[in-house]
Amino acid sequence: MSAAVPQFDESVARLRPEQRHALARYWARRARSELGARSGFAVIERALASAPSAPVVRELAAQALADERRHAQLCLELAALYGGRSVPTPTPAPFDAPRYGVEPELEALLQVIGMCCVNESLAVVFLQACVPSVESPQLRAVQRRHLADEVQHARLGWAHLAWVPAGLRARAREWVAPLIDTQRSAWRERVATLPEEGYPGHGLPPRAVIEAELMSAVDRVLVPGFAYLGVRV
Ligand SMILES: [Fe+2]
Ligand SMILES: [Fe+2]
């Protein structure tokens, strides 16, 4: 990652101590969930290895595995910047890999749809809502770099979905709406833990803004994306 978290930032220094602590706690929690995402990509990597997949998609999965670890480190550095002291590496957020009990090609496709097409696309929408208002140019650059990685993680999913035979996509169809529902609920729960007014200058808009962006993304991004590839949800 070219953009690094600075040791000092003027916009952070201007915050009150309780605001700094709240943001430090937020970034420490984000580090934990990035490590959980890494566990998810370990599952994706195995699933893609056990089913036909394009080399570029397998490369993207390996890259995503490395990215999520880097994202966790980045979040820990942000927690340290806001909190004024280093933060130990947390245990990863639990990742219960769903098991669909279907043949390997469909199993891999469903894992990829849930983790990448849906979850990572929503992660992109979340970061798009958060990043532009970051006041500090250095911190905004750090978060833009993070956003760019998440775009690649979502692309992995859409690329795999486009690559598999149309018959396999058709068999995945009935699973897609429940997968969207599950991920939407998970994101809603996550957003409910965020501060109501947010800290817009620090990458956290008011909670209602984030929730509205995420919920509308289902109709703006996910449903058209699946429809484009012939998967009518
Ligand atoms: Fe990430
Ligand atoms: Fe990601």
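Residues numbered from 1 in each chain as written. Chains lettered and ligands numbered in written order. Predicted model: local features only at pLDDT ≥ 70, side-chain atom pairs only at ≥ 80, totals over all residues. Heavy atoms only, no water.

A look at the overall build of the chain
When helices and strands are tallied, the chain shows seven helices and zero strands. Going from the N terminus to the C terminus, the chain shows its helices and strands as α-α-α-α-α-α-α. By the compact-globule yardstick of 17 Å for 233 residues, the chain fits well, its C-alpha radius of gyration being 18 Å. Counting only C-alpha atoms, the chain reaches 55 × 30 × 25 Å along its principal axes. Looking at the chain as a whole, 50% of its 233 residues qualify as buried. Contacts spanning at least 24 positions in sequence make up 79% of the contacts within the chain whose residues lie at least 6 apart. When the accessible area of the chain is evaluated, it comes to approximately 11100 Å², of which 54% is carbon and sulfur surface. (Helix = DSSP H or I, 4+ residues; strand = E, 2+ residues; numbered from the N terminus. Rg over C-alpha atoms; globule rule 2.2 N^0.38 Å. Buried < 20%, exposed > 50% of the residue type's maximum accessible area, 1.4 Å probe, protein only. Contact = heavy atoms within 4.5 Å. Areas by Shrake-Rupley, 256 points an atom, 1.4 Å probe, with all protein chains shown as cover.)

Quick notes on the coordination of the iron ion (ligand 1)
All of the protein donors around the iron ion (ligand 1) are E34 (OE), E68 (OE), H71 (ND1) and E150 (OE); their distances to the metal are 2.0 to 2.3 Å. Between the four donor atoms coordinating the iron ion (ligand 1), the angles at the centre fall across 83 to 139°, so the site counts as irregular. Read N to C, the donor residues that coordinate the iron ion (ligand 1) are spaced as E-x33-E-x2-H-x78-E. In this structure, the iron ion (ligand 1) lies 3.5 Å from the iron ion (ligand 2), and both are coordinated by E68. Of the two residues, E68 is situated in helix 3 (residues 55-83) and E150 in helix 5 (residues 137-163); the sequence distance between them amounts to 82 residues. Grouping residues by exposure puts E68 and E150 together as buried. (Donors = N, O, S within 2.8 Å, 3.2 Å for Na, K, Ca; no water. Tetrahedral: all angles 85-135°; square planar, octahedral: opposite > 155°, others 65-115°.)

Things to note about the packing of helix 4 (residues 104-130) against helix 5
Look at helix 4 against helix 5: their axes get within 8 Å of each other, and the N-to-C directions meet at 150°. By the criterion of interaxial angle, the relationship of helix 4 to helix 5 is roughly antiparallel. As for how helix 4 packs across helix 5, the hand of that crossing is left-handed. The residues of helix 5 that touch helix 4, namely those facing L109, V112, I113, C116, C117, E120, S121, V124, L127 and Q128, are H146, L147, E150, V151, H153, A154, L156, G157, W158, H160 and L161. Considering only residue class, the contact of helix 4 with helix 5 consists of 13 nonpolar, six polar and two charged. (Axes fitted to C-alpha atoms, helices over the stretch in contact; angles between N-to-C directions. Parallel < 35°, antiparallel > 145°, perpendicular 65-115°, else oblique. Left-handed = near helix turned anticlockwise from the far one by under 90°. Nonpolar A, V, L, I, M, F, W, Y, C, P; charged D, E, K, R; others polar.)

What to know about the pattern of salt bridges
When charged atoms on two side chains of opposite charge get close, those side chains can pair. Counted under the stated rule, the structure contains ten salt bridges. Where R14 meets E135, a salt bridge forms, and the shortest distance between an N and an O atom there is 2.1 Å. Of this pair, R14 sits in the loop between helix 1 (10-13) and helix 2 (17-49) while E135 sits in the loop between helix 4 and helix 5, placing them 121 residues apart in sequence. Given a relative accessible area of 52%, R14 falls into the exposed group. (Salt bridge = Lys/Arg side-chain N within 4 Å of Asp/Glu carboxyl O.)

What to know about the nonpolar core
For soluble globular proteins, the rule of thumb is that nonpolar side chains tend to be buried together. By size, the foremost hydrophobic cluster in this structure holds 58 residues, and its most contacted members are Y82, I113, F126, L214 and F226. Broken down by element, the residue count for this core peaks at 13 residues, all from helix 4. The residues touching F126, leaving out its near neighbours within four places in the chain, are Y26, R30, W187, L194, I210 and L214. Residues A37, F41, I44 and L60 belong to the second largest nonpolar core, which totals 14 residues. (Core = buried A, V, L, I, M, F, W, Y, C linked by side-chain atoms within 4.5 Å.)

Interpretation in functional terms is not warranted from these geometric data alone.
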